Amino acid sequence: MSKSATAVEASKNRKTGPCSATYSGQVTCPPDCPLMGEGCYAESGRVGITTRRLNDAGGDAIEVAHEEAAAIDTLSGLLDLRLHVVGDCATDEAARIVSGAAERFEKRARHTDVWTYTHAWRDVKRESWGGVSVLASCHSETQVHEAMDKGYATCMTVEEMPEKAY
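This is a predicted model, so every value here is computed, not measured.

How each quantity is defined
- Residues numbered from 1 in each chain as written.
- Predicted model: local features only at pLDDT ≥ 70, side-chain atom pairs only at ≥ 80, totals over all residues.
- Heavy atoms only, no water.
- 1 Å grid on protein atoms, 1.4 Å probe; cavity = no way out; pocket = protein on both sides within 12 Å on 5 of 7 lines; lining within 4 Å.
- Points joined across faces, edges and corners; volume = space filled by probe spheres on them.
- Helix = DSSP H or I, 4+ residues; strand = E, 2+ residues; numbered from the N terminus.
- Nonpolar A, V, L, I, M, F, W, Y, C, P; charged D, E, K, R; others polar.
- Buried < 20%, exposed > 50% of the residue type's maximum accessible area, 1.4 Å probe, protein only.
- Contact = heavy atoms within 4.5 Å.
- Core = buried A, V, L, I, M, F, W, Y, C linked by side-chain atoms within 4.5 Å.
- Pairing = 2+ DSSP bridges.
- Axes fitted to C-alpha atoms, helices over the stretch in contact; angles between N-to-C directions.

A. A look at the layout of surface pockets. What the largest pocket holds in volume is close to 530 Å³. Every residue lining the largest pocket is counted, 26 residues in all, and those nearest its centre are Lys15, Leu35, Tyr117, His119 and Ser137. Those elements that place two or more of their residues in the lining of the largest pocket are strand E3 (81-86), strand E4 (114-118), strand E5 (133-138) and strand E6 (153-156). Of all the elements, E3 adds the most residues to the lining of the largest pocket, at 4 residues. When its residues are assigned to classes, the lining of the largest pocket shows 13 nonpolar, 10 polar and 3 charged. Size it by volume and the second largest pocket reaches roughly 430 Å³. As for the second largest pocket, its lining consists of 16 residues, of which Lys12, Asn13, Tyr23, Arg46 and Val47 are closest to the centre. Residue contributions to the lining of the second largest pocket peak at 5 residues, all from helix H1 (residues 45-57).

B. Highlighting the environment of Thr51. Structurally, the position occupied by Thr51 is in helix H1. The exposure class of Thr51 is buried, given its relative accessible area of 2%. Counting along the chain gives 26 residues from Thr51 to Gly25, while the straight-line C-alpha distance between them is 6.3 Å. Setting aside chain neighbours within four positions, we find Thr51 in contact with Gln26, Ala42 and Val86.

C. Broad picture of the nonpolar core. Of all hydrophobic cores here, the largest spans 28 residues; its most connected members are Ile72, Leu81, Leu83, Val114, Trp129, Val132 and Tyr152. If you list the elements that add at least two residues to this core, you get helix H2 (61-72), E3, helix H3 (92-106), E5 and helix H4 (141-149). By residue number, the principal contributor to this core is H3, which donates 7 residues. Contacts of Trp129, omitting those with residues within four sequence positions, involve Leu83, His84, Asp88, Cys89, Ala95, Ser99, Thr116, Thr118, Val124, Val134 and Tyr152. Core analysis: the second largest hydrophobic core is formed by 8 residues, Ala21, Cys40, Val85 and Val86 among them.

D. Spotlight on unusual backbone geometry. Even without glycine at this site, His84 takes up a positive phi of about 60°. Judged by relative accessible area, His84 falls into the buried class, the value being 3%.

E. Molecular detail of the sheet that holds E4. What the 6 strands build is an open sheet, ordered E1-E2-E3-E4-E5-E6; its pairing is mixed. With partners counted over all chains shown, the strands left at the sheet margins are strand E1 (5-8) and E6, one partner each. When strand polarity is set aside, the average angle formed by the axes of neighbouring strands in this sheet is 25°. Where E1 and strand E2 (residues 20-24) come together, 4 bridges link them in antiparallel fashion. Note on E2: the bridge partner recorded for Thr6 is Tyr23. Its contacts with the sheet put H1 on E1, E2 and E3, and the angle it makes with E2 is roughly 45°.

Structural data, given as structure tokens:
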């Protein structure tokens, strides 16, 4: 059986830089993600090959969260960790599973940082992520305010910088 999640000790991905990273099938993404099949970074280029392989492996979101946690547990902890170059945690349970592994990772070898982005900020409580640095991926100023009200730091891709930064 092929895996629906994987972790790499040292990513060669230009976007993430030198860090450990996880990748999980898009079954973990919220079904209303506006980028799924519509410009998701992880669906193109070299990372798209990994995304297709993970998607083909199947599984449900909780099974994949357990696979991702097990993959995190194999990492040395020497580099910072970027969760979900592809994938997300669309439920509180999945976020607790993955963040538990992230907390073990942070204690493994030296002080490290763990970060991720989520499109599931409407449904997943911020506290379910524990100490992981999570940026809510927003697509409008309204969403930025909604996510901040839920305790998330936010990010938004824009074509040009607005006059006011949040």
